[in-house]
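Structural features, examined
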Amino acid sequence: NDEDCAEVTLGAAGVLAAMKPGALLVDHTTTSADMARRLAAECAARGLGFVDAPVSGGEAGAVNGKLAIMCGGSAEDVARAEAVIQAYAKAIVHV
């Protein structure tokens, strides 16, 4: 949920506090669009890249490296993420 995602990413001990400018956050959660916008804005303010990348395919897709991932974000950030996502996804679509 949004609250859990916010705590893990935006909290005092959250992941964004440990990231250096230029790093890239890829969010595979299925939280709300408002949460994705909030993370994107916070990343931009800190000089970080951001890709909203919800996943489809369930446990079997994950085990077999056949997930479908819909990516939102700048073309540059999605391209950076794609190099890693290809290891566990069958389809990557920039929307």
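Attention here is on the structure that accompanies the text. None of these values were measured; they are calculated from a predicted model.

1. Topic: the overall build of the protein chain
Secondary structure summary: the protein chain contains five helices and five strands in total. Ordered by position from the N terminus, the helices and strands of the protein chain form the series α-α-β-α-β-β-α-β-α-β. Expected size for 95 residues packed as a compact globule is a radius of gyration near 12 Å; at 13 Å, the protein chain falls within 12% of this value. Considered along the principal axes of its C-alpha atoms, the protein chain spans approximately 35 × 25 × 20 Å. In the protein chain, which comprises 95 residues, the share counted as buried stands at 27%. Sequence separation of 24 or more characterises 50% of the internal contacts of the protein chain that already satisfy a separation of 6 or more. For the protein chain, the accessible surface area stands at approximately 5500 Å², while carbon and sulfur atoms represent 56% of it.

Each value, and the rule that gives it
Residues numbered from 1 in each chain as written. Predicted model: local features only at pLDDT ≥ 70, side-chain atom pairs only at ≥ 80, totals over all residues. Heavy atoms only, no water. Helix = DSSP H or I, 4+ residues; strand = E, 2+ residues; numbered from the N terminus. Rg over C-alpha atoms; globule rule 2.2 N^0.38 Å. Buried < 20%, exposed > 50% of the residue type's maximum accessible area, 1.4 Å probe, protein only. Contact = heavy atoms within 4.5 Å. Areas by Shrake-Rupley, 256 points an atom, 1.4 Å probe, with all protein chains shown as cover.

Interpretation note: all reported values are geometric properties and have no functional meaning in isolation.
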